[in-house]
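# Commentary on secondary and tertiary structure
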Amino acid sequence: MNSDIFVDRLRDAVGSERVIVDPDIMNSYRADRTTTVQGEMPRVVITPSSTAQIARAVKLANEFEVPVIPQGALSGLAGGADPISGSLVINVAKMDRILDIDPVNLLATVEPGVINKTLKDAVAKEGFFYPPDPGSYTFCSIGGNVSTNAGGLCCVKYGVTADYVSELEIVSPTGEIMTLGRRTKKSSAGYRLAQLFVGSEGTLGVLTKATMRLRHAPAPVAGTVVASFSILEEMGDALREIASKLSPSLLEVMDQETVRAINAWKNLGIDEEAEAVIVAQSDVKGGEGAEELKLIEAICAQSGSGEIYRTEDPDEADALLEARRLALTALERLGPAILDDVGVPVSRIGEMISEIAKIAKKWQITVGTFGHGGDGNLHPTLVLPSRDQEVIEIADRCFADIVAAALSMGGTISGEHGIGLIKRDFMKDQYGTEEIEWMRRIKAALDPKWLFNPNKVVFDRLMP
Ligand SMILES: Cc1cc2nc3c(=O)[nH]c(=O)nc-3n(C[C@H](O)[C@H](O)[C@H](O)COP(=O)(O)OP(=O)(O)OC[C@H]3O[C@@H](n4cnc5c(N)ncnc54)[C@H](O)[C@@H]3O)c2cc1C
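Residues numbered from 1 in each chain as written. Predicted model: local features only at pLDDT ≥ 70, side-chain atom pairs only at ≥ 80, totals over all residues. Heavy atoms only, no water.

The name given to the chain in an unreviewed UniProt entry is Glycolate oxidase, and the organism recorded there is Ferrithrix thermotolerans DSM 19514. Note on the chain: under the UniProt heading Cofactor (unreviewed entry), the record states "FAD". The Sequence similarities (unreviewed entry) comment attached to the chain in UniProt states, word for word, "Belongs to the FAD-binding oxidoreductase/transferase type 4 family." (UniProt positions renumbered as here; feature names shortened; annotations may be inferred.)

Now the structure itself:
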């Protein structure tokens with residue numbers, strides 16, 4: 001075997017048992033869950049167990065000018081954790097301890113590899129609530145959630161990961177261990193550097209410890225309403241009305257293609273003649289949840305819903321939500337799928353779903369659209385008949401049209417999955433040259449050798 005001084009020094013720095021160079025094993029660190037992109041073979045993978053090990057590894061990477069790719073649980077849907085050739089992958093999945101739950105200050109401190117559900121369950125036992133709940137919450141990590149500013153099903157009422165970040169320990173791109181943010185409830189002191197790190201997708205360092213805010217447990221969910229609409233615009237009207245008057249704890253949408261895919265797989269009997277379906281829940285305390293659900297039903301009926309179903313049975317609600325969480329997998333069963341993630345103002349969600357249907361028709365591609373209707377975040381999913389090159393090219397144009405439609409409505413190219421590899425080319429469409437230049441200057445100041453996830457987000461020093 002050829003000797004590699006960088007790898008030898010890494011073994012000294014982090015321990016040989018944490019260093020992987022076997023290509024067969026490294027292969028399993030080459031891609032997240034994005035189906036359209038695949039990372040390249042890294043030079044070496046490390047699976048550290050401490051911040052000090054990571055700091056030593058990053059200092060070495062600087063000395064040898066080796067690109068660094070931070071990874072969590074590899075559940076990402078934008079290719080953000082995919083390595084480039086010759087890089088050092090730092091996979092923190094093994095740093096998975098909950099370090100502290102502080103019941104007075106309502107904070108939990110965790111290592112970055114802690115799985116979202118593990119944190120939720122641990123704090124729930126003590127009467128607290130950690131709200132962000134990506135559909136992947138059983139297998140994604142808190143470090144990945146912070147790095148992508150992950151959203152989820154209950155964000156419509158409780159906000160996204162950024163709203164729960166208190167204090168972050170990071171290893172900077174030059175190898176310093178830094179603590180960003182503050183454990184206080186409020187702070188007006190200086191720049192909010194912890195928030196700068198949120199959503200930075202591994203381009204500004206490695207997150208090694210996170211102190212996340214908690215809430216007191218809400219009231220149990222009062223029930224679940226499923227309303228179906230035969231006209232998309234009417235569903236948009238209902239969502240607008242609900243958003244302006246009420247505060248449901250969950251407000252999801254699925255279009256006909258998605259419902260059909262879910263029914264075909266899970267046989268849940270959701271109305272599949274309708275063009276779109278809304279699923280809503282309420283957790284207002286003191287019996288008012290039931291009242292809020294009645295108001296949601298009334299709004300849906302007034303907006304034109306043909307069928308409204310309500311259940312108080314938690315098992316049935318769990319099955320419905322599980323089906324919604326598995327919408328992507330259900331669509332993937334129908335053929336090669338390309339998932340998009342766009343956000344529009346809630347006021348324009350019905351219009352956006354209609355626009356997606358028109359774009360699908362124009363390119364003759366099946367698109368199943370589902371997502372977090374209450375916060376304007378949709379996941380149009382292209383289902384392809386094959387992986388033939390000409391099909392992929394048409395799909396790429398369809399995908400680009402959907403992103404352009406979201407931007408034309410004042411939306412965003414990514415609501416929660418991030419930029420990674422798949423949205424890089426759209427960054428300038430959302431931000432324009434000046435804002436990108438600011439991002440680039442921040443990146444260059446913090447990562448002067450441009451080593452951290454160098455091909456993602458603000459991916460090119462010379463980007464026009
Ligand atoms: C079925 C399914 C449903 C999903 N539903 C949702 C959803 O509802 N909402 C949502 O937001 N996402 C969803 N996702 C996407 C994904 O789970 C999230 O993006 C999640 O936050 C990624 O976490 P991870 O630990 O897997 O990170 P990875 O995939 O390992 O990494 C994601 C990004 O974060 C960076 N990163 C990871 N850990 C660190 C660290 N410690 N320090 C620095 N950078 C780091 C990586 O470099 C990469 O850029 C879903 C995915 C699947 C497969």
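Anyway, onward from the coordinates.
Turning to the sheet that holds strand β8 (residues 165–171), a few remarks are in order. Spatially, five strands are ordered β5-β6-β10-β8-β9 in an open sheet, and the strand pairing comes out antiparallel. Here the strands that pair on one side only, and so sit at the sheet edges, are β5 (98–102) and β9 (177–181). Sheet twist, expressed as the average angle between the axes of neighbouring strands with direction ignored, equals 15°. The pairing of β8 with β9 spans five bridges and is antiparallel. Directly across from I170, in β9, lies its bridge partner M178. Packing of helix α3 (residues 51–64) onto the sheet brings it into contact with β8, β9 and β10 (206–213), and relative to β8 it is tilted by some 50°. Together, β5 and β6 (107–110) form the strand contacts of helix α4 (residues 116–124), whose direction differs from that of β5 by roughly 40°. (Pairing = 2+ DSSP bridges. Helix = DSSP H or I, 4+ residues; strand = E, 2+ residues; numbered from the N terminus. Axes fitted to C-alpha atoms, helices over the stretch in contact; angles between N-to-C directions. Contact = heavy atoms within 4.5 Å.)

A few words on the packing of aromatic side chains. Each aromatic ring pair is summarised here by two numbers: the centre-to-centre distance and the angle between the ring planes. All told, the structure shown has four aromatic pairs when counted by the stated rule. Centre to centre, the rings of F399 and F426 are 6.2 Å apart; their planes meet at 45°, and the pair counts as tilted. Taken together, the residues F399 in helix α14 (residues 389–408) and F426 in the loop between α14 and α15 (427–446) connect sequence positions 27 residues apart. Of note, K266 hangs over the ring of W265, and the distance from its end group to the ring centre comes to 4.5 Å. Positioned over the ring face of W450 is K443, at 5.5 Å from the centre of the ring. (Phe/Tyr/Trp six-rings, centres within 6.5 Å; stacked < 30°, edge-to-face > 60°. Lys NZ or Arg CZ within 6 Å of the ring centre and 35° of its normal.)

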